[in-house]
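Remarks on the overall topology
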Amino acid sequence: MPIRKSASTVRVATLAQVAMEDIPSAARPVAVSFPSRYIPLFGLCLASVGIFGSVLLNRLHGHEIGGIPWPYISDTAKDPPQAGMFAFTMTVTSCIIALVVIINYGKAKNDIEIIFPPDMNNLGAKRNLYGLIVGLISAPNLGLLACYDTKRTPGLHLLF
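Residue indices follow the written sequence of each chain, beginning from 1 at its first position. Predicted model: local features are reported for residues with pLDDT of at least 70 only, side-chain atom pairs are reported and counted for 80 or more only, and whole-chain, interface and lining totals are derived from all residues. Excluded from the side-chain calculations are hydrogens and water; all other atoms, namely the structure's heavy atoms, are used.

1. Some words on the overall build of the protein
Put simply, the rule reads: To qualify as a helix, a DSSP run of H or I must reach at least 4 residues; to qualify as a strand, a run of E must reach at least 2; elements of each kind are numbered from the N terminus. Note on classification: 1.4 Å probe, protein chains only; a residue is buried when its accessible area is under 20% of the maximum for its type, exposed when over 50%, partly exposed between these limits. The contact rule is simple, with two residues in contact once any of their heavy atoms fall within 4.5 Å.
Assigned secondary structure in the protein consists of five helices and two strands. Along its sequence from the N terminus, the protein presents helices and strands in the succession β-β-α-α-α-α-α. Each of the 160 residues in the protein was classed as buried or not, and the buried ones make up 24%. Counting contacts in the protein only where the partners sit at least 6 residues apart, residues at least 24 apart contribute 62% of the total.

2. Observations regarding unusual backbone geometry
When glycine is set aside, most residues are seen to have a negative phi, and most peptide bonds are trans. Cis geometry is found at the peptide bond from P80 to P81, where omega equals 5°. Here P81 shows up in the loop between helix 2 (73-76) and helix 3 (82-115).

3. Comments concerning a nonpolar patch on the surface
Put simply, the test is: Think of a patch as exposed residues, more than 30% relative accessible area, with no salt bridge, where like charges cluster within 9 Å and nonpolar side chains (Val, Leu, Ile, Met, Phe, Trp, Tyr) cluster within 5 Å. All accessible-area figures derive from a Shrake-Rupley calculation using a 1.4 Å probe, and residue coverage is judged against the displayed protein chains alone. A carboxyl oxygen of Asp or Glu within 4 Å of a side-chain nitrogen of Lys or Arg is what we treat as a salt bridge.
A grouping of Y38, L41 and L44 is seen on the molecular surface, where their side chains present a nonpolar patch of about 320 Å² in accessible area. By the secondary structure assignment, L41 is in helix 1 (residues 39-61).

4. A word on helix 1
Every α-helical turn comprises 3.6 residues, leaving residues that sit three or four positions apart pointing alike. Heads up, the rule is: The span you would expect from a helix comes to 1.5 Å times its residue count less one.
In a regular helix each residue adds 1.5 Å, so 23 residues correspond to 33 Å; helix 1 covers 32 Å between its end C-alpha atoms and thus fits that length. For helix 1, the set of buried residues is I39, G43, L46, A47, G50, G53, S54, V55 and N58. Taken from the residues just after helix 1, G62 is the one with a positive phi, measuring 65°.

Structure, rendered in structure tokens:
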């Protein structure tokens, strides 16, 4: 359905409404089909459980937090067992973030290839690739940060 303007409304055709003969590259095989919109929600829940679980374990075990009523996140994860829980949940969360980056790259790549002709030098494909690279570089840093031992090197910790 093409874009039509009337006096009161503007209707835009979505990809689902466009006929297959209008866009020949739209007939693409789908390798995996699952509801990927729940993956970021799972990552957010896992990170929240990791952070609040570490704080709860810190308070239950009575570890030193510097005389403040609520511990800093870095102070919650410096003693076992909360250090292990925090490092594990944040590392798994960083893997989930990398998975979401790859899924979003693939979805955006398919949409860009369908909407823009191949001979057009589009900026969307370059931005999509840039987002993939930055996302894959930044995702492992959450796990590395969670495994950092603040108890052994407190001077270095205070610099950051």
